[in-house]
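For reference, the chains in residue letters:
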Amino acid sequence: MCGGSRGIGKACAIEFARLGAEVTLVARDASTLEHVAKALPAGDTSSPHQHQWLSADFDDPETLQRIVREHLAGHGPAHILLNNTGGPPAGAIVDADPEAFMGTFSRHLVCNHLLVQAVLPGMKGSGYGRVINIISTSVKQPIKGLGVSNTVRGAVASWAKTLAGELAPLGITVNNILPGATMTDRLREIIRSRATSSGTPEATVEQGMRADIPAGRFAEPEEIAAAAGFLATPTAGYITGTSLPVDGGRTGCL
């Protein structure tokens, strides 16, 4: 469970635990991870491990993979992988530093790929696997002011679609959740950035963003988590290679 210390990742951890999963959280902040892990609903009470956490930095992909592999060797296979990493700072693509593309590509696509490689042997051996990627509606419709994010999120979606075709014969599904505007620290950062760049009050920016959403409101992290929880279940075994918007109807394309 990547990025499980806050926001959508934390909500997914709670939802998966509520559904009976034994959750392993992965993020940088060890103290926060420990607190979240201890507060999760009880999973499989027959397990001697219960919920776990791993402190790892997504700016160091190889070390991240090593830490996860060592954990799997000691605790057994993972059946569900939720890839979720915080997005890059907002800004126009024309002003983006090339290093911003490289760093974001590494944190999102490269780390996702190395984590899949780490968990895949266990999924194959268990005959069950779910890879769920939290991406963005920018996969279908670019979002203004998020140039680097739009670019890399699209690459992750193409990677996931390719991977889904390769793993489907093994009974392993690969799907993407595309959250719309969701009440997280990331959304507040985007609102502040837009307000600063336009000289507009944050409240006005927020009102304008809500007006673009047919549902008339922002999502709660728990609503994204509910979709991810369904895709993780056996019931969703015939759904693979999809990108599912959970956005209150904001995305304008089919």
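The structure contained in this document is the topic of the report that follows. (Residues numbered from 1 in each chain as written. Predicted model: local features only at pLDDT ≥ 70, side-chain atom pairs only at ≥ 80, totals over all residues. Heavy atoms only, no water.)

1. Regarding the pattern of salt bridges
Stage number 1. Within the structure shown, the criterion is met by nine salt bridges.
Stage number 2. One salt bridge in this structure joins Glu70 and Arg66, with 3.3 Å as the shortest N-O distance. Placement of the pair is Glu70 and Arg66 together in helix H3 (residues 61–75), with a separation of four residues, close to one helical turn.
Stage number 3. On the accessibility criterion, Glu70 (49% relative accessible area) is partly exposed.
Stage number 4. Taking relative accessible area as the criterion, Arg66 reaches 42% and is therefore assigned partly exposed.
Stage number 5. Residue Arg186 is joined to Glu189 by a salt bridge in which the shortest nitrogen-to-oxygen separation is 3.5 Å. Remark: Glu189 and Arg186 occur in helix H6 (residues 185–198); sequence separation between them is three residues, near one turn of the helix.
Stage number 6. Taken together, the shared-partner salt bridges connect Arg6, Asp185 and Arg188 into one network. (Salt bridge = Lys/Arg side-chain N within 4 Å of Asp/Glu carboxyl O. Helix = DSSP H or I, 4+ residues; strand = E, 2+ residues; numbered from the N terminus. Buried < 20%, exposed > 50% of the residue type's maximum accessible area, 1.4 Å probe, protein only.)

2. Looking at the packing of H3 against helix H4 (residues 98–126)
Stage number 1. Running from N to C, H3 and H4 cross one another at 25 degrees; their axes reach a closest spacing of 9 Å. Considering the angle they form, H3 stands roughly parallel to H4. Both H3 and H4 take part in a crossing whose hand is right-handed. Counting all contacts with H3, which are made through Pro61, Glu62, Leu64, Gln65, Val68, Arg69 and Leu72, the residues of H4 involved are Ser106, Val110, Cys111, Leu114, Leu115, Gln117, Ala118 and Val119.
Stage number 2. Looking at the contact of H3 with H4 residue by residue, the classes come out as 10 nonpolar, three polar and two charged. (Axes fitted to C-alpha atoms, helices over the stretch in contact; angles between N-to-C directions. Parallel < 35°, antiparallel > 145°, perpendicular 65-115°, else oblique. Left-handed = near helix turned anticlockwise from the far one by under 90°. Contact = heavy atoms within 4.5 Å. Nonpolar A, V, L, I, M, F, W, Y, C, P; charged D, E, K, R; others polar.)

Function cannot be inferred from these measures alone, as they are strictly geometric.
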